[in-house]
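# Examination of the molecular architecture
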Amino acid sequence: MIVFRSPEEVPEGFGPSAVAIGKFDGVHQGHRAVIRRLREAAAAEGSRAVAVTFDRNPLAIIRPDRCPENVVTVDRKLELLGELGLDATLLLTFDEEMASRSAEDFVVGILVGALQVSTVFVGADFRFGHRGAGTPELLRELGPRYGFTVEVVEDVYLEGSERRVSSSWIRELLMEGDVAAAARVLGRYPDVRGEVVHGLKRGRELGFPTANLSTIVDAFVPADGVYAGWLVDHDTGIRHPSAISVGTNPTFDDVLVRQVEAHVLGETGLDLYGHDVTVEFVERLRGMVAFEGIEKLMAQMAADVTQAALILGVSA
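A few points on the structure.

Each value, and the rule that gives it
Residues numbered from 1 in each chain as written. Predicted model: local features only at pLDDT ≥ 70, side-chain atom pairs only at ≥ 80, totals over all residues. Heavy atoms only, no water. Pairing = 2+ DSSP bridges. Helix = DSSP H or I, 4+ residues; strand = E, 2+ residues; numbered from the N terminus. Axes fitted to C-alpha atoms, helices over the stretch in contact; angles between N-to-C directions. Buried < 20%, exposed > 50% of the residue type's maximum accessible area, 1.4 Å probe, protein only. Contact = heavy atoms within 4.5 Å. Parallel < 35°, antiparallel > 145°, perpendicular 65-115°, else oblique. Left-handed = near helix turned anticlockwise from the far one by under 90°.

## Observations concerning the sheet that holds strand β3 (residues 48–54)
- Strand order in the open sheet formed by six strands is β1-β4-β3-β2-β5-β6, and the pairing between neighbours is parallel. The outermost strands of the open sheet, each flanked by one partner alone, are β1 (2–4) and β6 (149–153). Sheet twist, expressed as the average angle between the axes of neighbouring strands with direction ignored, equals 25 degrees.
- Bridge analysis of strand β2 (residues 17–21) against strand β5 (residues 117–123) gives four bridges, and the strand direction is parallel.

## As for helix α7 (residues 167–176)
- The set of residues buried in α7 consists of Ser167, Trp169, Ile170, Arg171, Leu173 and Leu174.
- Where α7 is buried, its residues touch α1 (29–45) and α8 (179–186).
- One or two residues past the end of α7 sits Gly177, with phi positive at roughly 80 degrees.

## Brief notes about the packing of helix α5 (residues 103–112) against helix α6 (residues 136–146)
- It is the contact of α5 with α6, at a shortest axis distance of 11 Å, that shows an interaxial angle of 50 degrees. For the element pair α5 / α6, the angle class is oblique. As for the relative orientation of α5 and α6, their crossing is right-handed in sense. Packed against α5, whose contacting residues are Ala103, Glu104, Val107, Val108 and Val112, the element α6 presents Leu138, Leu139, Leu142, Arg145 and Tyr146 at the interface.

## Looking at the sheet that holds strand β11 (residues 259–264)
- Spatially, the six strands close up into a barrel ordered β7-β8-β11-β10-β9-β12, and their pairing is antiparallel. Neighbour-to-neighbour, the strand axes of this sheet turn through a mean angle of 45 degrees, independent of strand direction.
- Taken together, the five bridges between strand β7 (residues 191–197) and strand β12 (residues 276–286) define a ladder with antiparallel strand orientation. When the bridges of β12 are listed, Gly194 appears paired with Val277.
- Its contacts with the sheet place α8 against β9 (225–233) and β12, and it is angled at close to 120 degrees to β12.

## Re the side chain of Thr89
- Position of Thr89 among the secondary structure elements: in strand β4 (residues 88–92).
- According to the relative accessible area criterion, Thr89 is buried, its value standing at 0%.
- Residues within four places of Thr89 in sequence aside, it is in contact with Met1, Ile2, Val3, Phe4, Ala51, Thr53, Leu78 and Leu81.

Pasting the structure below:
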């Protein structure tokens, strides 16, 4: 997938393009439905399949007091979009200038001028342009004038749920630690990526060595607790079954910031320091609690490892 970081980077004659516009935060099931329909249309038209998105949530500029934390970083969003068979993504810088741009100017300068748009795909609640004046209805009005059609993709609902798939729902589920439900909404396991760094090595002392991720990770971290999941080592390509801890280790009360650490099941001498890894969360085992003494903590850690192995279908 080609990534353009401004309309000026799109080469002349790149289009025609079938275009989907949105924040695509998390690239969840709803976003994937839009992209699937986009690719079908692009194949039928013989046009390029292009996503148009932003380098931040527009609320970060328009209403920073109401701007939620992103489900994933921009780089992770581009990586996920790149897995969906798109020809290109145009990543727009959302700044004061973009916020003040009129809806029609957005259409003329970006969709028509840079991408030679043939079909536009948006969700029913999509808004763009100055003060959100751009709506699906406005796009339909402008379409005949500038030579494109508009398709509004309906909201996606999980089977048995009356709530539409959204990034807000995913954030709520992750804040509750319900990673299994979040996975259904996302269409993949929620995950975080970072570098393995040196910690206090307390897990090793207790017989359960862990790979500690740096505090800089690329996605929304689930609620404190213990999880079953996978550690994907990008340096070796190996996917390890793991018991994962998120939190500040209240038993010892000497960890000042939340940490994500993974104990690889069945391994005690694995050296992952400095490795680039992704931790995937499959199911929550329990919340984070303070134990009265090391023995009780170690007994619970052993039980966590056994439970994680059962969930993942591996040996502990």
